[in-house]
Amino acid sequence: MHIVAGVLVLLALVVGVLGPVGMVEGWATVARVCYVVLMVSAVPTVLHAWRANWPATIVKIVAAIGLIGMCEVAFAHRLRGAAPLQTLWMPLVFGVLVFVLGLWLARGKHRGTGKPSRR
């Protein structure tokens, strides 16, 4: 659920920021719902990651909060119609980095149990 919500945030950001201005508010709402899902689903993940590497977990949490802020700034600039190019692409790049950091912290473990996930 956590990965799906993360991908949906990135998708909402791409479509909301690069799509028509009339659709920005709808995609921003989708992203905001996904933020809540991400925060709730992060609890077991954080517990596992904390045991494995607490400094990187702190970096990931701070980076994820920063990403939410960057997404909101990008949506706001897009709504105003005066979006500098860096405001549009920086959250995308940062989002991919946060996603990769999260995958690295999880290291193939499932739901914070410390056991490899069955595939």
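So, a few notes on the structure that sits alongside this text. Small disclaimer: the values here were computed from a predicted structure and weren't measured. (Residues numbered from 1 in each chain as written. Predicted model: local features only at pLDDT ≥ 70, side-chain atom pairs only at ≥ 80, totals over all residues. Heavy atoms only, no water.)

**Notes on the overall build of the protein**
Point 1. Helix and strand content of the protein: 4 helices and 0 strands.
Point 2. The linear arrangement of helices and strands in the protein, starting from the amino end, is α-α-α-α.
Point 3. Taken over 119 residues, the protein has a buried fraction of 31%.
Point 4. Pairs at least 24 residues apart make up 75% of the contacts formed inside the protein by residues separated by at least 6 positions.
Point 5. Carbon together with sulfur atoms contributes 74% to the accessible area of the protein, which is approximately 7,300 Å² in total. (Helix = DSSP H or I, 4+ residues; strand = E, 2+ residues; numbered from the N terminus. Buried < 20%, exposed > 50% of the residue type's maximum accessible area, 1.4 Å probe, protein only. Contact = heavy atoms within 4.5 Å. Areas by Shrake-Rupley, 256 points an atom, 1.4 Å probe, with all protein chains shown as cover.)

**So, the environment of valine 7**
Point 1. Position of valine 7 relative to the elements: it lies in helix α1 (residues 2-18).
Point 2. A residue is classified by how much of its surface remains accessible, and valine 7, at 42% relative accessible area, is partly exposed.

**Side note on the pattern of salt bridges**
Opposite charge on two side chains allows them to pair when their charged atoms are near.
Point 1. Per the counting criterion, the structure on display carries 1 salt bridge.
Point 2. Across the pair glutamate 72 and arginine 32 runs a salt bridge, and its minimum N-O distance is 2.7 Å. You can see glutamate 72 sitting in helix α3 (residues 54-80) and its partner arginine 32 sitting in helix α2 (residues 24-52), a full 40 residues away along the chain.
Point 3. Residue classification places glutamate 72 among the partly exposed residues on the basis of a relative accessible area of 23%. (Salt bridge = Lys/Arg side-chain N within 4 Å of Asp/Glu carboxyl O.)

**A look at a nonpolar patch on the surface**
Point 1. On the surface, Leu85, Trp89, Met90, Val93 and Leu97 cluster together into a nonpolar patch covering about 500 Å² of accessible area.
Point 2. Within the secondary structure layout, leucine 97 lies in helix α4 (residues 85-106). (Patch = residues over 30% accessible without salt bridge, like charges linked within 9 Å, V, L, I, M, F, W, Y side chains within 5 Å.)

**Remarks on the nonpolar core**
Point 1. With 18 residues, the main nonpolar core has Val9, Leu13, Val17, Ala31, Tyr35, Cys71 and Phe75 as its most contacted residues.
Point 2. Within the residue set of this core, elements represented by two or more residues are α1, α2, α3 and α4.
Point 3. Sorting elements by how many residues they give to this core places α2 first, with 6 residues.
Point 4. Every residue in contact with phenylalanine 75, bar those within four places of it in the chain, is listed here: Ala12, Leu13, Gly16, Val17, Val24, Trp27, Ala28, Ala31 and Tyr35. (Core = buried A, V, L, I, M, F, W, Y, C linked by side-chain atoms within 4.5 Å.)

**Concerning the packing of α1 against α4**
Point 1. Axis separation between α1 and α4 bottoms out at 10 Å; the angle between their running directions is 170°. Regarding the angle of α1 to α4, the classification is roughly antiparallel. Contact residues: Ile3, Val7, Leu10, Leu13, Val14 and Val17 in α1; Leu88, Pro91, Leu92, Gly95, Phe99 and Leu103 in α4.
Point 2. Grouping the amino acids of the contact of α1 with α4 by side-chain chemistry returns 11 nonpolar, 1 polar and no charged. (Axes fitted to C-alpha atoms, helices over the stretch in contact; angles between N-to-C directions. Parallel < 35°, antiparallel > 145°, perpendicular 65-115°, else oblique. Nonpolar A, V, L, I, M, F, W, Y, C, P; charged D, E, K, R; others polar.)

**Describing the environment of alanine 74**
Point 1. Inspection of the secondary structure puts alanine 74 in helix α3.
Point 2. Sequence separation of alanine 74 and proline 91 is 17 residues, and the distance between their C-alpha atoms is 7.5 Å.
Point 3. When sequence neighbours within four positions are dropped, the list of residues in contact with alanine 74 reads Leu13, Val17, Thr87 and Pro91.

By themselves these figures say nothing about function.
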